[in-house]
Amino acid sequence: MATIAWIGLGNMGGPMTANLVEAGHEVVGFDLDARANEAAAAHGVRIATSVADAVGGAGAVFTMLPKGEHVRGVYDGDGGVWANAPATALLLDSSTVDIETSRYCHEASAERGFRFVDAPVSGGISGAAAGTLTFMLGGAEADVAAAKVLVEPMAGNVFAVGGATQGIAAKLANNMMLFISLVAAAEGSQLASSLGIDPQIFWDIARVSSADSWALRTWYPVPDVVESSAANRNFDATFATTLALKDVALALGAGDAAGLSLPAAQLAREQFEQLIAEGLGGKDCSLIAKLVHPDGAVAGYEPASAG
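In this text the structure is predicted, and so the values were computed from the model without any measurement. Starting from 1, residues in each chain are numbered consecutively following that chain's sequence as written. Predicted model: local features are reported for residues with pLDDT of at least 70 only, side-chain atom pairs are reported and counted for 80 or more only, and whole-chain, interface and lining totals are derived from all residues. Think of the side-chain values as coming from all heavy atoms in the structure, minus any hydrogens and water.

A few points about the overall build of the protein chain
We count it as follows: Secondary structure counts use DSSP, requiring at least four H or I residues in a row for a helix and at least two E residues in a row for a strand, with both numbered from the N terminus. A radius of gyration in this sense is built from C-alpha atoms; the matching globule rule multiplies 2.2 Å by the number of residues raised to 0.38. For the exposure calls, accessible area comes from a 1.4 Å probe over protein chains only, and a residue counts as buried if that area is under 20% of its type's maximum, exposed if over 50%, partly exposed in between. Contacts: residue pairs with any heavy atoms within 4.5 Å of one another. Here the accessible surface of atoms and residues is derived via Shrake-Rupley with a 1.4 Å probe, and residues count as covered only by protein chains that are part of the display. Think of it this way: Lys and Arg go in the positive column, Asp and Glu in the negative one, and His and the chain ends go nowhere. The atoms used to mark charge sites are NZ of Lys, CZ of Arg, CG of Asp and CD of Glu.
From N to C terminus, the protein chain includes 13 helices and nine strands. For 307 residues, the compact-globule estimate of 2.2 N^0.38 gives 19 Å, and the protein chain sits close to it at 20 Å. Within the protein chain, the proportion of its 307 residues that are buried is 47%. Within the protein chain, contacts between residues separated by at least 24 positions form 61% of all contacts whose residues are at least 6 apart in sequence. Looking at the protein chain as shown, the accessible area adds up to about 13500 Å², and 55% of this sits on carbon and sulfur atoms. Computed over 16 positive and 33 negative side-chain charges, the separation of the two mean positions in the protein chain equals 2 Å.

Here it is as structure tokens:
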């Protein structure tokens, strides 16, 4: 079993490390949030006092952080991963970041004698807890093979996508498709309801017909149809709108760099931006269903009282 350092013990990192501990690995974690540290400690993670403390004796180092700037900051500097991890450690970033950040991590790791794999995931908080995440791995063939062994306790599927940055490239394209599908589920669900169709019956039809999608099966924005839907809980976030905007913006940035036109993704970005402008960035991204209605009223959502 390996000694694994884990930086970032939030909604994804916390349950992911719990699965590594259950598989018999020693996990040393660090997060700036004391509550995240406490939750991880309750699942057997040994909490370090700093990034340097966490990575000092690690055979592998995972980062799971909100943005590319956080990843760069954790790797660089006197207190960072590169300055303190053993040169033999395999470095893996499971954050959703821009391709340029991932490329920087690959190149700067190689310059310092480290192996690095971009290892983003899909499957959300529920997949992290269940150990059924999809991992998309990018890097040198031997490094990806070593990464596959490490991620197995957290994964339902593991894909060796290709060389450096190919894992994160797959993640960005995948999430872009997810958010486009979410727009379809939001608009279709509200149209069906407005036409008087029972929500459960319509979902049953769409689920086995050409409208089927992961967004429909998992995030359907109508209460009492899909257990995992945020619509059952006043659209409290399972995937916050601010994070959805970040991810679709990263995909659009990659599309711009490739000279592509991505109008459907642009529409999704505009809808997330509208929710954020209304002060709802912390709510679930499936709340875009309210934008279908002129008055913004949608089943399952009760706005916070002004008082």
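Having seen the model, we can carry on.
Some thoughts on the UniProt feature "domain: 3-hydroxyisobutyrate dehydrogenase-like NAD-binding" (unreviewed entry) in the protein chain
Stated precisely, the cut-off is as follows: UniProt positions are given in the numbering used here, feature names are shortened, and annotations may be inferred rather than shown by experiment.
The feature "domain: 3-hydroxyisobutyrate dehydrogenase-like NAD-binding" (unreviewed entry), as annotated in UniProt, sits at residues 166-291 in this numbering. Along residues 166-291 the backbone is 60% helical and 0% strand, and the end-to-end C-alpha distance reaches 35 Å.

Some points on the side chain of N175
Tracing the chain through its elements places N175 in helix 9 (residues 166-194). Look at N175 and you get buried, because its relative accessible area is 4%.

A short note on the UniProt feature "domain: 6-phosphogluconate dehydrogenase NADP-binding" (unreviewed entry) in the protein chain
UniProt annotation of "domain: 6-phosphogluconate dehydrogenase NADP-binding" (unreviewed entry) refers to residues 3-162 when read in the numbering used here. Structurally, residues 3-162 is divided into 42% helix and 25% strand, and its ends, taken at the C-alpha atoms, are 26 Å apart.

Quick word on the packing of helix 12 (residues 241-257) against helix 13 (residues 263-277)
Definition in use: Fitting a line to C-alpha atoms yields each axis, with helices limited to the stretch in contact; the angle taken between N-to-C directions then spans 0 to 180 degrees. When describing relative orientation, an angle under 35 degrees is termed roughly parallel and one over 145 degrees roughly antiparallel, while 65 to 115 degrees is termed roughly perpendicular and anything else oblique. By the definition used in this description, the sense in which the near helix is turned from the far one sets the handedness, with an anticlockwise turn below a right angle giving left-handed and a clockwise turn giving right-handed.
Orientation of helix 12 relative to helix 13, taken along the N-to-C sense of each, is 150°, at an axis distance of 9 Å. Classed by the angle they form, the pair helix 12 and helix 13 counts as roughly antiparallel. For the pair helix 12 and helix 13, the sense of crossing is left-handed. Of the residues in helix 13, those touching helix 12 at T241, T242, A244, L245, V248, A249 and L252 are A265, Q266, A268, R269, F272, E273, L275 and I276.

What to know about the nonpolar core
Inclusion rule: Residue types Ala, Val, Leu, Ile, Met, Phe, Trp, Tyr and Cys, when buried and joined through side-chain atoms within 4.5 Å, form a set referred to as a nonpolar core.
Of all hydrophobic cores here, the largest spans 56 residues; its most connected members are V55, V81, L91, F179 and F272. At eight residues, the largest contribution of residues to this core is made by helix 9. Each residue touching F179, except ones within four places of it in the same chain, is listed here: W219, F239, A244, D247, V248, A268, F272 and C285. Residues M16, L90, V144 and A147 belong to the second largest nonpolar core, which totals 28 residues.

Section: a nonpolar patch on the surface
In plain terms, the rule: Patch membership requires over 30% relative accessible area and the absence of a salt bridge. Like charges are linked within 9 Å, and nonpolar side chains (Val, Leu, Ile, Met, Phe, Trp, Tyr) within 5 Å. Each salt bridge in this description consists of a side-chain nitrogen of Lys or Arg and a carboxyl oxygen of Asp or Glu lying within 4 Å of one another.
A cluster of nonpolar side chains, namely L191, L195, I197, I201 and I205, defines an oily patch on the protein surface of about 470 Å² accessible area. Tracing the sequence through the fold places I197 in the loop between helix 9 and helix 10 (199-207). With a relative accessible area of 33%, I197 lands in the partly exposed category.

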